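Here is how the chains run, residue by residue.
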Amino acid sequence: MVAAELDLRSDVTLAADFVVPQNHSAYSAKDHEVWRTLYARQKDLLRGRAVDEFFDGLETLGVGAEGIPDFRDLNRTLLAATGWSVVAVPGLVPDDVFFTHLAERRFPAGYWIRSPDQLDYIEEPDVFHDIFGHAPLLMLPRYARYMEAYGKAGREAAGTGRLRRLARLYWYTIEFGLMRTPAGLRIFGAGLASSGGEEAYCLDSPAPNRILFDCERAMRTAYEIDAFQKTYFVLEGWNALPRLDSEELRARFQRVERLPDLASSETLASDILVGRYGALKERR
Ligand code: HBI
Ligand code: FE
């Protein structure tokens, strides 16, 4: 099942929530082979690079070594741990649909898988990015709460200029976030965990900025859509994930709206830069 085949299904009427059956038995041997190749490669590449909680989640979920997981198996474990589940969708869904799922602790996951000649680059999230990248940390209560809060905040911000700032926050934490741990800098972002290339670049290259996470700083910062990031934000542990309740968020939006946006490559005198080995460097 590859992206192009989605077009053949466009005559199927989509439900309002965009949820479709995963149809696990319809995956071909080749589909499972693509998954296994990616799964083995990423697991290996992430050793010593991803946070321990990512591996703990992957192991507790206990799926993926044999092929594309059946969401029903995944969901038994996820539901019991944090009340989250994954639902199958055809690809990117509209913002309001996406936020409503998250607010109700459902992660919309693409069900299709990339073709063997597209192992490293896809334009829309597929089942490998969505499940391998996102599902393990949904086992973590503090992270699970943040994702739900993001969904609720997104629904409130929908149709306003605030959505752009909120989307940046998601990008720089959930997708491309780094964390300072006693063992050194580690990946927790799903976009990094599922990437063939950027998972090493984000930690090893001297080129990008690594900035100690500051919620409002991240909300102001543009990001790269089809290139490696020029800036990564580094969280000081899971409790550094910001609270996203309406009141706190409203105050943050008000401050951010008075400040200029920042280019993805820019640094400020007030940034606390993080070295490749996790050391903090105040100012340049
Ligand atoms: N849909 N399936 C899917 N996955 C996403 O990550 C996603 C989406 N729709 C909208 C969206 N992300 C973002 O634009 C929001 O975070 C703003
Ligand atoms: Fe993602």
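Just above sits the structure.
Quick caveat, the model's predicted, so the values are computed rather than measured.

Draft legend 1. Looking closely at helix α5 (residues 95-103). Those residues of α5 not exposed but buried are V97, F98, F99, H101, L102 and A103. On its buried side, α5 packs onto β1 (85-89), β2 (106-110), α7 (141-157) and α8 (162-175). Following α5 by one or two positions, R105 has its phi on the positive side, about 60°.

Draft legend 2. Focus on the site of ligand 1. If you check the shell around ligand 1, you find G91, L92, V93, D95, F98, F99, Y150 and A167 and nothing else. The separation between a nitrogen atom of ligand 1 and a polar main-chain atom of G91 is 3.1 Å. Take V93: an N or O atom from its main chain is 2.7 Å from a nitrogen atom of ligand 1. Burial of ligand 1 by the surrounding chains reaches 83%, relative to a free accessible area of 400 Å². By residue class, the composition of the shell around ligand 1 is six nonpolar, one polar and one charged.

Draft legend 3. Up close: the pairing of β2. Among the five residues in β2, four count as buried, and that is most of the element. Relative to β2, β1 runs parallel, the two being bridged by five bridges. Residue pairing across strands places A88 opposite A109, the latter belonging to β2. As for the winding sense of the linkage, the β-α-β connection from β1 through α5 to β2 is right-handed.

Draft legend 4. How the structure looks around the pattern of salt bridges. Throughout the structure, instances matching the rule amount to 22 salt bridges. Note that R41 is salt-bridged to D120, the shortest N-O span being 2.9 Å. Within this pair, whereas R41 is found in helix α2 (residues 29-46), its partner D120 is found in the loop between β2 and α6 (127-134), the two being separated by 79 residues in sequence. Given a relative accessible area of 26%, R41 falls into the partly exposed group. Between R106 and E104 there is a salt bridge; the shortest N-O distance is 2.7 Å. A single network of salt bridges, built from pairs that share partners, joins E216, R243, D245, E248, R252 and R255.

Draft legend 5. Broad picture of unusual backbone geometry. Positive phi, normally seen in glycine, also occurs at F18, with a value near 65°. The backbone of R105 shows a phi angle near 60°, a positive value even though the residue is not glycine.

Draft legend 6. Layout of the packing of aromatic side chains. According to the stated counting rule, one finds 18 aromatic pairs in the structure shown. Between W171 and F176, the aromatic rings sit 5.0 Å apart at their centres with planes inclined by 35°, giving tilted as the arrangement. With relative accessibility at 18%, the residue W171 sits in the buried group. Seen from their ring centres, Y172 and Y223 are 6.4 Å apart, and the 85° between their planes marks the pair as edge-to-face. A residue pair is termed long-range when its members are at least 10 positions apart, and Y172 in helix α8 and Y223 in the loop between α11 (215-219) and β6 (231-235) qualify at 51 residues. A residue is classified by how much of its surface remains accessible, and Y223, at 27% relative accessible area, is partly exposed. Among the aromatic residues, those joined into a cluster by ring pairs are W35, Y39, F54, F55, F128 and F132.

Calculation criteria
Residue positions are counted from 1 within each chain, in the order its sequence is given. Chain labels run from A onward and ligand labels from 1 onward, assigned in the order the entries are written. With the structure being a predicted model, the display of local features is reserved for residues of pLDDT at least 70 and the display and counting of side-chain atom pairs for 80 or more, all residues being used for whole-chain, interface and lining totals. Derived side-chain values reflect all non-hydrogen atoms in the structure, with water molecules and hydrogen atoms excluded from consideration. In this scheme, a residue with accessible area under 20% of its type's maximum is buried, one over 50% is exposed, and one in between is partly exposed, where area comes from a 1.4 Å probe on protein chains only. Strands are runs of DSSP state E lasting at least two residues, helices are runs of H or I lasting at least four, and both sets are numbered from the N terminus onward. Throughout, a contact is declared for two residues whenever any of their heavy atoms are within 4.5 Å. A molecule or strand has a residue near it when one of that residue's heavy atoms lies within 4 Å. Under the rule applied, a polar contact is a pair of N or O atoms within 3.5 Å (in protein, one hydrogen donor and one hydrogen acceptor; residues adjacent in sequence only if both atoms are side-chain atoms). Throughout, the Shrake-Rupley method with a 1.4 Å probe supplies accessible areas, and for residues the shown protein chains are the sole cover considered. Classification used: nonpolar for Ala, Val, Leu, Ile, Met, Phe, Trp, Tyr, Cys and Pro, charged for Asp, Glu, Lys and Arg, polar for all others including Gly. Only strands that DSSP links by at least two bridges are regarded as paired with each other. Orienting the strands away from the viewer, one traces the path from the first strand over the helix to the second; a clockwise path indicates a right-handed crossover. Only one rule defines a salt bridge in this text: a Lys or Arg side-chain nitrogen within 4 Å of an Asp or Glu carboxyl oxygen. What counts as a ring pair is set by centres within 6.5 Å for rings of Phe, Tyr and Trp (its six-membered ring), and what kind of pair is set by the plane angle: stacked under 30 degrees, edge-to-face over 60, tilted for all other angles.

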